[in-house]
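Listed here are the chains, written in short residue letters.
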Amino acid sequence: MSEIRFYHLQRASLEDTLPVILERAYGRGERTLVMAGSSERVEALAAHLWTYRPESFLPHGTAKDGSASEQPIYLTAEAENPNGAKLLILCDGAERADCGDFPLVCEMFDGNDEMAVAAARERWKAYKEAGHKLVYFQQSPVGKWEEKARSE
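Residues numbered from 1 in each chain as written. Predicted model: local features only at pLDDT ≥ 70, side-chain atom pairs only at ≥ 80, totals over all residues. Heavy atoms only, no water.

**Q** What is the right way to read the overall build of the protein chain from this model?
**A** Counting its secondary structure elements, the protein chain contains 3 helices and 7 strands. With the C-alpha coordinates of the protein chain rotated into their principal frame, the extents come out at 40 × 35 × 30 Å. Taken across its 152 residues, the protein chain has 45% of its residues classed as buried. Summarising the internal contacts of the protein chain: among those between residues at least 6 apart in sequence, 63% fall at separations of at least 24. Of the roughly 8000 Å² of accessible surface on the protein chain, a fraction of 49% belongs to carbon and sulfur atoms. The average position of the 18 basic charges and that of the 25 acidic charges among the side chains of the protein chain differ by 7 Å. (Helix = DSSP H or I, 4+ residues; strand = E, 2+ residues; numbered from the N terminus. Buried < 20%, exposed > 50% of the residue type's maximum accessible area, 1.4 Å probe, protein only. Contact = heavy atoms within 4.5 Å. Areas by Shrake-Rupley, 256 points an atom, 1.4 Å probe, with all protein chains shown as cover. Lys, Arg positive; Asp, Glu negative; His and termini not counted. Charge placed at Lys NZ, Arg CZ, Asp CG, Glu CD.)

Below you can see the structure in the form of structure tokens.
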């Protein structure tokens, strides 16, 4: 079974949070797959990863870049895993039936969007019924991520 971490974005946006998670994973040598809700969103996130901080470098690519199998971080809107990633990050409501194929899955959802929160709750229930290990993170008032207990 997979460990599935839910990141309830309330104080920070996906654009603020995603690069931090990707930097940590890349620093550990992990291959990562980011799945967004549309190809347009994929390209916007990819462009953001080149510019979010001038001193940073996160090697990544999309279908437009080619060489998918060589990308340590690959962004897509499709249910694929061309870079052999072990970490899957789902954002913008993207869903996959094969989450159990990844040891670690991060669900990033906008806590200021009622529909996104309701959809995340439904995914939580489905993952729980499937027997995955679930972890819920929420930001503290000072912006630090904290693991919170969830009974749902």
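**Q** Sorry if this is basic, but what is going on with the pairing of strand E4 (residues 87–90) here?
**A** Here is the key point about a regular strand: its side chains alternate between the two faces of the sheet. Of the two faces of E4, the one carrying Leu-87 and Ile-89 and the one carrying Leu-88 and Leu-90 are both buried. Where strand E2 (residues 32–35) and E4 come together, 4 bridges link them in parallel fashion. The residue of E4 that forms the bridge with Thr-32 is Leu-87. Relative to strand E5 (residues 104–110), E4 is paired through 4 bridges, and the arrangement is parallel. Within E5, the position partnered with Ile-89 by the bridge is Cys-106. (Pairing = 2+ DSSP bridges.)

**Q** Mind showing me how you'd approach the sheet that holds strand E7 (residues 145–148) here?
**A** Strands belonging to one sheet form pairs held by backbone hydrogen bonds; the direction of such a pair is parallel or antiparallel. Across the sheet, which stays open at both edges, the 7 strands sit in the order E3-E2-E4-E5-E1-E6-E7 with mixed pairing between neighbours. Edge positions in the sheet fall to strand E3 (73–76) and E7, since each has one partner strand and no second. Direction aside, neighbouring strands of the sheet carry axes that sit 20° apart on average. One ladder, built from 7 bridges, connects strand E1 (residues 3–9) with E5; its direction is parallel. Residue pairing across strands places Ile-4 opposite Val-105, the latter belonging to E5. (Axes fitted to C-alpha atoms, helices over the stretch in contact; angles between N-to-C directions.)

**Q** I would appreciate a short explanation of the packing of helix H1 (residues 14–27) against helix H2 (residues 39–51) in the present structure.
**A** For any two helices packed against each other, one specifies the crossing angle of their axes together with the interaxial distance. Put simply, H1 and H2 touch, their axes get as near as 11 Å, and they point 65° apart. By the angle between their directions, the pair H1 and H2 is classed as roughly perpendicular. In this structure, the crossing between H1 and H2 has a hand that is right-handed. Two secondary-structure elements touch here, H1 through Leu-14, Glu-15, Leu-18, Pro-19 and Leu-22 and H2 through Arg-41, Leu-45, His-48 and Leu-49. (Parallel < 35°, antiparallel > 145°, perpendicular 65-115°, else oblique. Left-handed = near helix turned anticlockwise from the far one by under 90°.)

**Q** Mind showing me how you'd approach the nonpolar core here?
**A** For soluble globular proteins, nonpolar side chains are generally found buried alongside one another. Counting residues in hydrophobic clusters, the biggest one holds 24 residues, and the most contacted among them are Leu-22, Val-34, Ile-89 and Met-108. Looking at this core element by element, the count peaks at 5 residues for H1. Setting aside its immediate chain neighbours within four residues, Leu-22 contacts Thr-32, Val-34, Leu-49, Leu-58, Ile-73 and Ile-89. Membership of the second largest hydrophobic core comes to 20 residues, among which are Met-35, Ala-68, Tyr-74 and Ala-85. (Core = buried A, V, L, I, M, F, W, Y, C linked by side-chain atoms within 4.5 Å.)

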